[in-house]
Amino acid sequence: MLNVGNQKVIAIGASTGGVDALEKVLMRLPVSIPPIVIAIHMAVGMTKLFSDRLDDLLRVNVKEAQTGDILTQGQVLIAPAGKHMKVVSRMGKLVVECFSGLKINHVIPSIDVLFESIAPLKGKNAVGVILTGIGADGAKGLLTMRTQGATTIGQDEKTSVVYGMPKVAMEIGAVQHQLPINMIADKILLCSSGGL
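Structural notes, computed from the coordinates. None of these values were measured; they are calculated from a predicted model. (Residues numbered from 1 in each chain as written. Predicted model: local features only at pLDDT ≥ 70, side-chain atom pairs only at ≥ 80, totals over all residues. Heavy atoms only, no water.)

With that settled, consider the side chain of Asp112. Along the chain, the position of Asp112 falls in helix α3 (residues 111-122). Put simply, Asp112 is tucked away with no salt bridge, and the nearest opposite charge, on Lys140, sits 6.5 Å away. From its side chain, Asp112 meets the backbone nitrogen of Gly138 in a polar contact 3.1 Å long. Polar side-chain contacts of Asp112 include one of 2.7 Å to the backbone nitrogen of Gly141. With residues up to four places along the chain from it excluded, the contact list for Asp112 reads Asn105, Asp137, Gly138, Ala139, Lys140 and Gly141. (Helix = DSSP H or I, 4+ residues; strand = E, 2+ residues; numbered from the N terminus. Buried < 20%, exposed > 50% of the residue type's maximum accessible area, 1.4 Å probe, protein only. Lys, Arg positive; Asp, Glu negative; His and termini not counted. Salt bridge = Lys/Arg side-chain N within 4 Å of Asp/Glu carboxyl O. Polar contact = N/O pair within 3.5 Å; in protein donor to acceptor, adjacent residues only side chain to side chain. Contact = heavy atoms within 4.5 Å.)

A few words on the environment of Met170. Tracing the backbone shows Met170 in helix α5 (residues 165-171). Residue classification places Met170 among the partly exposed positions, given a relative accessible area of 36%. For the pair Met170 and Leu71, spaced 99 residues apart in the sequence, the C-alpha separation amounts to 28 Å. Non-local contacts of Met170, meaning those with residues more than four positions away in its chain, are made with Tyr163, Val175 and Gln178.

Spatial strand order, β3-β4-β2-β1-β7-β8-β9: seven strands in an open sheet with parallel pairing. Of all strands in the sheet, those bounded by a partner on one side alone are β3 (61-64) and β9 (177-179). Looking at each pair of strands side by side, their axes are set apart by 20° on average, direction ignored. Of the strand pairs in this sheet, strand β1 (residues 9-14) and strand β7 (residues 126-130) are connected by five bridges, and their pairing is parallel. Bridging from a neighbouring strand, Ala11 pairs with Gly128 of β7. Packed on one face of the sheet, helix α1 (residues 18-26) meets β1, β2 (36-40), β4 (75-78) and β8 (151-155) and runs near 165° to β2. Against the sheet, helix α2 (residues 46-57) contacts β2, β3 and β4, and its axis sits at roughly 170° relative to β3. (Pairing = 2+ DSSP bridges. Axes fitted to C-alpha atoms, helices over the stretch in contact; angles between N-to-C directions.)

What follows is about the environment of Leu77. Take Leu77: it is sitting in strand β4. Separated by 55 residues in the primary sequence, Leu77 and Leu22 have C-alpha atoms spaced 13 Å apart. Here Leu77 is in contact with Ile36, Val37, Ile38, Lys63, Ala65, Asp69, Ile70, Leu71, Met85 and Val96, once residues within four sequence places are set aside.

Sheet topology places strand β5 (residues 84-90) next to strand β6 (residues 93-99); seven bridges connect them, and they run antiparallel. Looking at β6, one finds that Met85 is bridged to Cys98. Between β5 and the antiparallel strand that follows it, β6, lie two residues; Met91 among them carries a positive phi value of about 50°.

So, about the pattern of salt bridges. Summed over all chains, the structure comprises six salt bridges. Between Arg53 and Glu23 there is a salt bridge, and its shortest N-O distance comes to 3.1 Å. Residue Arg53 is found in helix α2, and its partner Glu23 is found in helix α1; the two are separated by 30 residues along the sequence. When salt bridges that share partners are traced, they join Lys86, Arg90 and Glu97 into one network.

Rendered as structure tokens:
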């Protein structure tokens, strides 16, 4: 179980092209990785299938998130399609809340909702990652994370299926490190172990 203290939390957002991008990132991460929370734009019902497939493929544990799930080392929680997800502090632990609501940036789950929930909780002990996708969802939330001290990473144009969300995030100053997809896992590992 994870206390609200100094351990890192990794938050990732993705949309179009994100299935392959996430797989490429997650497959390179060890079970010792800090907890990972993900918002990806998918059709209702698909995040459960996606989570189950990743759990079979990867060393880390992957599941579709449910309200009350506690953030733990080596676990990946994916926001259920059709619901927003945020991270909250409860009795000294970090847990997720999944809830229905209006679309934000024309989508649900919204990456902004996830990122903005983590920014004040974890500050410099968070890593935010924005991957390939259409639109601007996640850019403002990533900027909020950066202003709170988080390390932020954006996928580069060359390896993005759609250079939309990472582009907007880059343009507004939310991205510290712009990298090709094959270098993002290594950067996450470096940042989550205390490096920059």
